[in-house]
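Commentary on secondary and tertiary structure
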There are 2 protein chains.
Amino acid sequence: MGAAIAMAQRGVGLTGVNPSVGCVIVAGGRVVGRGCTAPGGRPHAEAVALAQAGAAAAGADVYVTLEPCAHASLRGPSCADLLVAARPARVVIACRDPDPRTDGAGIARLRAAGIAVSEGACGAAAARPMAGFLMRRRHGRPHVTLKLATSLDGGIALASGESRWITGAAARAHGHLERARADLIVVGRGTLEADWPSLDVRLAGLEARSPARAVLTRGAAPAGWTALADPRAVAATEASTVLVEGGAAAAAAFLAAGLVDRLLLYRAPILIGAGRPALGDIGLATLADAHGRWTLADARALGSDRLEVYERRRD
Amino acid sequence: MGAAIAMAQRGVGLTGVNPSVGCVIVAGGRVVGRGCTAPGGRPHAEAVALAQAGAAAAGADVYVTLEPCAHASLRGPSCADLLVAARPARVVIACRDPDPRTDGAGIARLRAAGIAVSEGACGAAAARPMAGFLMRRRHGRPHVTLKLATSLDGGIALASGESRWITGAAARAHGHLERARADLIVVGRGTLEADWPSLDVRLAGLEARSPARAVLTRGAAPAGWTALADPRAVAATEASTVLVEGGAAAAAAFLAAGLVDRLLLYRAPILIGAGRPALGDIGLATLADAHGRWTLADARALGSDRLEVYERRRD
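Nothing here was measured: the structure is a model prediction, and the numbers come from that model.

Focus on the pairing of strand 11 (residues 241-246) of chain A
Residues and elements named next belong to chain A.
- Burial within strand 11 is extensive, with six of its six residues counted as buried.
- Relative to strand 11, strand 8 (residues 184-188) is paired through four bridges, and the arrangement is parallel. Counterpart to Val187 in the pairing with strand 11 is Gly246.

Written out as structure tokens, the structure is:
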């Protein structure tokens, strides 16, 4: 399943409203087929992997990160039907598909055809590449990542407003990679007016993956930008994954609304002191309310900076 | 040498104005003696290790973190003389002793007696247990550690002042261990008046190691406390190692004076937003001045909190 999850990672940010799924087919101890959801959402991962495997899929083990779809479309048969035709011995599924057109129907169809199905716990690693899809299906809104690039003491600028640069080249490149994986980037009106950020992906080979842009404002948005009157308005966009890039007021507005699912914390080994803090008022009444919300999911060095990724606990 | 450095760690905070030194004696591939500077500063590590080794020290290899002293005292002969009498084949020394009574004289005496001496680079790991001693000798002031316990966004309290607790039990216990390793703890006047902190070591078995207490104030200090009119006044105390525990103004004053050698950064997985920041004005004019000052020396988990230790670069 680890290999299937790694396949799924490849499609993140490319599959639109569809989930990025990974599929690996193993026969006789060898990988005979693998695939991930293609850009735009079709073909599905299982179709790609089955086409690779050909006749070797018969009697094989299929590992797939999301339940195979049970609904045929104009663009082809359902993955459940493709699997029934290929006759694998076993299908191992990490997450059940919350799409009401599938939601267990894919599993039922496989079992009815005599194929063994193991349904695994939908662990954090398997859910991550399709976090946007799952959030859309379960809560009717996109998955939201908040990016903060701060000094060790939580500053994002000097009191003068000087903010270039706090983090170094490696951290900034990583930030561009995160842009490439998002459908929509949001900034606050203050950041838009102060910086007129282009918010594009400046990484060789990924320039075409620059996401759509939105600004948090009750007023009008400039050409090429969407206006969001409130953080909750992201639900009405087409985005499955949103990256909030600042500034402090916009970041705080998303946090206060309880809409941040993931924190990307880039930290430079510097101290700023009295400067501009990373966050405005997030509506916290007591310290007790602040605890238990975030779990560290990743920590790594990026040059002399450090990246920490925290995920919101929703248990 | 790693084993000798580990021995030296044992004496940190116990040796007063003397450095905490470690010594390991190896003969025929076996450790035949080891020692660290005893509480109060005597006997020295070499004397302890040589007493353990006895006749086995003849022809052995001696690893010691600081150059053996060349000056006899009322409390005993010099370590250089003890080593000459014990006749090891070789003495490996990490750091040269900056004390003018030794400063190369210990090495010269060993060599004059026909003992091979290897003088290693005084690396960060070997210097750390005697950081206070080295800072006193080289710069005439104690080694200063600044402790900050913050949220992910650098807050130390809510706007209301509520600050208990940001970090959890494991981080707070670690903070008490750091107190036990310091000679003097400093807080600002605001922290003293708001909290009347006892600043003692609340760890079983270490209660007796509570350090002296000072408050940064131009006024008078309460009984049992020393008043420091300015951060630079730590030079006039007897302390070799100082721990600054806050608040934001005191922390900033030590940073602005360029007196902080080590940062202890305890961070809880919480966000506070608009609250009280960890630092006041540190006198930073441009971001360029902030870079290149700090190097990560350690990072670890303490419960759900994280500790990072940064050391000031002085190159």
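Okay, back to it.
Quick notes on the sheet that holds strand 11 (residues 241-246) of chain B
Residue and element names in this part refer to chain B.
- As summarised here, the arrangement of the eight strands in space is 10-9-8-11-6-12-15-14, forming an open sheet in which the pairing is mixed. Only two strands of the sheet have a single neighbouring strand rather than two, namely strand 10 (225-228) and strand 14 (294-302). Sheet twist, expressed as the mean angle between neighbouring strand axes with direction ignored, is 25 degrees.
- The pairing of strand 12 (residues 262-267) with strand 15 (residues 305-312) spans six bridges and is classified as antiparallel. Counted as the bridge partner of Arg262 is Glu311 from strand 15.
- Each of strand 8 (184-188), strand 11, strand 12, strand 14 and strand 15 touches helix 7 (residues 169-180); the most contacted strand, strand 12, lies at about 160 degrees to it.

Brief notes about the relation of the copies chain B and chain A
- Its rotation angle being 180 degrees, the transformation that places chain B on chain A also includes 0.0 Å of axial translation and leaves an RMSD of 0.0 Å. Within this description, the copies of the chain are treated as partners about a two-fold rotation axis. Considering only C-alpha atoms, the residue of chain B closest to the rotation axis is Gly154 of chain B, which sits at 2.2 Å.
- A share of 100% of interface residues in chain B that are also interface residues in chain A marks the association as one of identical surfaces.

A word on the interface of chain B and chain A
- Listed by partner, the interface residues are 36 residues for chain B and 36 residues for chain A.
- Carbon and sulfur atoms supply 65% of the area that chain B and chain A bury against each other, a total of about 3000 Å² over both sides.
- The interface formed by chain B and chain A holds four salt bridges in total.
- One salt bridge connects Glu308 of chain A with Arg306 of chain B, and the closest N-O pair in it is separated by 3.4 Å.
- Inspection of the region where chain B meets chain A yields ten residue pairs in polar contact (both at pLDDT 80 or more).
- Listed by contribution, the elements that provide at least two residues to the side of chain B that touches chain A are strand 12, helix 10 (287-290), strand 14 and strand 15 of chain B.
- Of the residues assigned to the side of chain B that touches chain A, the class counts are 23 nonpolar, six polar and seven charged.

As for empty space enclosed by the protein
- Considering all chains together, one arrives at two cavities of 30 Å³ or more under this definition.
- If you go around the largest cavity, the residues you meet are Leu255, Ile282, Leu284, Ala290, Arg293, Trp294 and Arg312 of chain A together with Leu271 of chain B.
- Split into classes, the residues belonging to the lining of the largest cavity amount to six nonpolar, no polar and two charged.
- The space that makes up the second largest cavity amounts to roughly 70 Å³.
- Around the second largest cavity, the lining residues are Leu271 of chain A together with Leu255, Ile282, Leu284, Ala290, Arg293, Trp294 and Arg312 of chain B.
- A breakdown of the residues in the lining of the second largest cavity according to their chemical character gives six nonpolar, no polar and two charged.

Thoughts on the packing of helix 3 (residues 79-86) of chain B against helix 4 (residues 105-112) of chain B
All names here are of chain B.
- It is at 9 Å that the axes of helix 3 and helix 4 come closest, and there the two elements cross at 15 degrees. Put simply, helix 3 runs roughly parallel to helix 4. Crossing geometry of helix 3 relative to helix 4 is assigned as right-handed. In this structure, helix 3 uses Ala80, Asp81, Leu83 and Val84 to contact helix 4, whose residues at the interface are Gly106, Arg109 and Leu110.
- Taken together, the residues of the contact of helix 3 with helix 4 sort by class into four nonpolar, one polar and two charged.

Observations concerning unusual backbone geometry
Residue and element names in this part refer to chain B.
- The omega torsion across Arg164 and Trp165 is -10 degrees, close enough to zero to call that bond cis.
- In this structure, Trp165 sits in the loop between strand 7 (155-158) and helix 7.
- In this model, Gly246 is joined to Gly247 through a cis peptide bond whose omega is 0 degrees.
- Here Gly247 shows up in the loop between strand 11 and helix 9 (248-256).
- The phi dihedral of Arg87 falls on the positive side, at around 55 degrees, and the residue is not glycine.
- By the element assignment, Arg87 lies in the loop between helix 3 and strand 4 (90-95).
- Its identity as a non-glycine residue notwithstanding, Asp103 has a phi of 30 degrees, on the positive side.
- Here Asp103 shows up in the loop between strand 4 and helix 4.

Examining the confidence of the model for chain A
- Residues with a pLDDT of 70 or more make up 100% of chain A, whose mean pLDDT is 94.
- The ipTM for the predicted assembly is 0.90, set against a pTM of 0.91.

Concerning the sheet that holds strand 2 (residues 30-36) of chain B
Residues and elements named next belong to chain B.
- Spatially, 2-1-3-4-5 is the arrangement adopted by the five strands of the open sheet, whose pairing is mixed. Of all strands in the sheet, those bounded by a partner on one side alone are strand 2 and strand 5 (116-119). Ignoring which end each strand starts from, the neighbouring axes of this sheet average 15 degrees apart.
- Summarising the sheet, strand 1 (residues 22-27) and strand 3 (residues 61-66) pair through four bridges and their orientation is antiparallel. Bridge pairing in strand 3 links Cys23 to Val64.
- In this fold helix 1 (residues 2-10) packs onto strand 1, strand 2 and strand 3, with an angle of close to 145 degrees to the strand it touches most, strand 1.

Structural notes on helix 2 (residues 45-53) of chain B
All names here are of chain B.
- What helix 2 keeps buried is the set Ala45, Glu46, Ala49, Leu50 and Ala53. Buried residues along helix 2 cover an arc of 120 degrees about the axis, so they all sit on one side.
- If you follow the buried residues of helix 2, they end up packed against strand 1, strand 2, strand 3 and helix 3.
- A positive phi of about 60 degrees marks Gly54, the residue just after helix 2.

Here we look at the domain arrangement of chain A
Residue and element names in this part refer to chain A.
- Domain annotation of chain A identifies domain 1 (2-132) and domain 2 (141-312).
- Computed over C-alpha atoms, the centres of domain 1 and domain 2 are 33 Å apart.
- Each partner contributes residues to the interface: domain 1 has nine residues there, and domain 2 has ten residues.
- In this structure, Glu311 and Arg128 form a salt bridge, with 2.6 Å as the shortest nitrogen-oxygen distance.
- The interface formed by domain 1 and domain 2 includes three residue pairs in polar contact (both at pLDDT 80 or more).
- Its residues assigned to classes, the side of domain 1 that touches domain 2 comprises four nonpolar, four polar and one charged.

Rules used in this analysis
- Residues numbered from 1 in each chain as written.
- Chains lettered and ligands numbered in written order.
- Predicted model: local features only at pLDDT ≥ 70, side-chain atom pairs only at ≥ 80, totals over all residues.
- Heavy atoms only, no water.
- Buried < 20%, exposed > 50% of the residue type's maximum accessible area, 1.4 Å probe, protein only.
- Helix = DSSP H or I, 4+ residues; strand = E, 2+ residues; numbered from the N terminus.
- Pairing = 2+ DSSP bridges.
- Axes fitted to C-alpha atoms, helices over the stretch in contact; angles between N-to-C directions.
- Contact = heavy atoms within 4.5 Å.
- Least-squares fit on C-alpha atoms with pLDDT ≥ 70 in both.
- Buried area = accessible area lost by both parts, 1.4 Å probe.
- Salt bridge = Lys/Arg side-chain N within 4 Å of Asp/Glu carboxyl O.
- Polar contact = N/O pair within 3.5 Å; in protein donor to acceptor, adjacent residues only side chain to side chain.
- Nonpolar A, V, L, I, M, F, W, Y, C, P; charged D, E, K, R; others polar.
- 1 Å grid on protein atoms, 1.4 Å probe; cavity = no way out; pocket = protein on both sides within 12 Å on 5 of 7 lines; lining within 4 Å.
- Points joined across faces, edges and corners; volume = space filled by probe spheres on them.
- Parallel < 35°, antiparallel > 145°, perpendicular 65-115°, else oblique.
- Left-handed = near helix turned anticlockwise from the far one by under 90°.
- pLDDT = per-residue confidence, 0-100.
- Arc of directions from axis to C-beta.
- Domains from an automatic or database assignment.

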